[in-house]
Amino acid sequence: MPTPRELLHSIFGFSDFRPGQEEIVEAVRQGQNTLAIMPTGGGKSLCYQLPALSREGVTLVVSPLIALMRDQVRSLREAGVEAGALTSGNTEAETDEVFRALDEGRIKLLYMAPERLASAGAFALLRRGGGGALVPGLRIEGYMVQIGPHAIDRARFDADEIERNPFWCPDPDTAALWADYLDGLRKAHDSVGAIVEVRASGVPAGLGAPIYGKLDSDLAAAMMTINAVKGVEIGEGMAAACLTGSANADEIRMGPEGPEFLTNHAGGILGGISTGQDVVVRFAVKPTSSILTPRRSVTTDGREVEVVTKGRHDPCVGIRAVPVGEAMMACVLLDHLLLDRGQTGGVRGTIG
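Residues numbered from 1 in each chain as written. Predicted model: local features only at pLDDT ≥ 70, side-chain atom pairs only at ≥ 80, totals over all residues. Heavy atoms only, no water.

Asker: Mind showing me how you'd approach the packing of helix α2 (residues 21-29) against helix α3 (residues 44-53) here?
Answerer: Between two packed helices, the angle of one axis relative to the other and the distance separating the axes together describe the packing. Contact geometry of α2 with α3 gives a least axis separation of 9 Å together with a crossing angle of 40°. If you check the angle between α2 and α3, you find them oblique. Both α2 and α3 take part in a crossing whose hand is right-handed. Where α2 approaches α3, its residues Q21, I24, V25, V28 and R29 are matched on the opposing element by L46, C47, L50 and P51. Here the residues of the contact of α2 with α3 sort into 7 nonpolar, 1 polar and 1 charged. (Axes fitted to C-alpha atoms, helices over the stretch in contact; angles between N-to-C directions. Helix = DSSP H or I, 4+ residues; strand = E, 2+ residues; numbered from the N terminus. Parallel < 35°, antiparallel > 145°, perpendicular 65-115°, else oblique. Left-handed = near helix turned anticlockwise from the far one by under 90°. Contact = heavy atoms within 4.5 Å. Nonpolar A, V, L, I, M, F, W, Y, C, P; charged D, E, K, R; others polar.)

If you want it as C-alpha cells, here you go:
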C-alpha cells in the first residue's frame, strides 16, 4: 500500500503536510482512538482520507453535512478514488451504484448521514460491504408489534418479512390484517395508536451504571422524546407486574464461552447495566389527533367550537416511528459505548 505522504502528493497534489496533520494521520492509521481538533481550513478532511487510502477495507465517514459530503465524493472520484455517499439527497440511481460498488469491493471511502447509519439496513449494508469492524456484532432492528387491538402472533415472527411490507411487520398474516383495518379507519375519518419494538443484539455486557447514567433510564428518555410516544417498556415491562419472582428471574448457567442467561425477561438490562443479551425496548404511540371527525374544543376567548383537521393525515403515525426508534436506540448505545471506553478502556473481566 502507498504511504500517506506518497498519496498526499499523487492524489491530492500537496508537497507536504500542514502542521498537525501527519501526527493525526499516523495515529488513525495505527488504529488509535483519536480526537482531533483543528481550525477551519486546517485540512481536517485529509486526516481521515489519507488513512483510508493507505489501509485495506472500507472507511466510514459519518457527517450531517450533506453538501460537503457530495463535494468530497465528487473531488475524490475526479482524482481516481472510489468513494460514495448515502444521504437523504441521493437519487435512486446513486444509491444503487453505491450498493454495487460495495458488493464489488471497490469503495474505499463511504460517507453516510447519521440518520442512515442508525437504521437496521445500514448495519446490514456495512457487514455486506466488509465494514463489520466498524460495528462489530451490533445489530439494531425495529418493527411493529401492534396496531390498535391487533397484535402480531409471535409464533409467526419472521425477521425477513419486516422490510417486505409497509408496516415493518414481522408477521405477514397480521400485516394483511392491518392493511384492511387501517383502510377502514381512513374511510371512517379516524386514527389509531400502535406499539413499536426495537431490539439490539450484540450489545456488550457492562454498559450503563447502577444509579446515575442507567442504560434503561437513558433508553426510556430517548424513546419518550419521539413525537406521539406515551409509554416505554423494557423487557417484560408492564407484564412483569403479573409475574412471580421465580417466573421473572433470568437464571444463569455456564456455557462454553462463559455464563449464559436462560431467559431474557429483563430485556438485556439489569440494575441499569447491560447483561450482554439482546436489549429489547417497546414504546406506545398515541393515535394522531389530526382527524376529520369533529372534536369538541374551546377557543382562546372561551367559546366552545368543534375542530375538524383537513388535509392528508396518516391513520397510524406509529408506522413512521419505527426507523426513529432504531435511531434513538443507536444514539443511546453509541453514547454508552463511548462512556464505557473512556471509563474502562473496554476491559472486561471473566467468570469461570
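Asker: Teacher, can you tell me more about the sheet that holds strand β6 (residues 194-201) here?
Answerer: With antiparallel pairing, the 5 strands of this open sheet are ordered in space as β5-β4-β6-β12-β7. With partners counted over all chains shown, the strands left at the sheet margins are β5 (150-151) and β7 (229-234), one partner each. Here strand β4 (residues 139-147) pairs with β5 via 2 bridges, running antiparallel. Considered in β5, the bridge of I147 is made with H150. Contacts from helix α8 (residues 172-187) reach β4 and β5 within the one sheet, and its direction differs from that of β4 by about 55°. Docked against the sheet, helix α9 (residues 215-224) engages β7 and β12 (279-285), running at close to 155° with respect to β7. (Pairing = 2+ DSSP bridges.)

Asker: Any chance you could explain the pairing of β6 here in plain terms?
Answerer: On any regular strand, side chains alternate: one points to one face of the sheet, the next to the other face. Pairing analysis gives 8 bridges linking β4 to β6, with the strands arranged antiparallel. When the sheet's bridge partners are listed, I140 is paired in β6 with A200.

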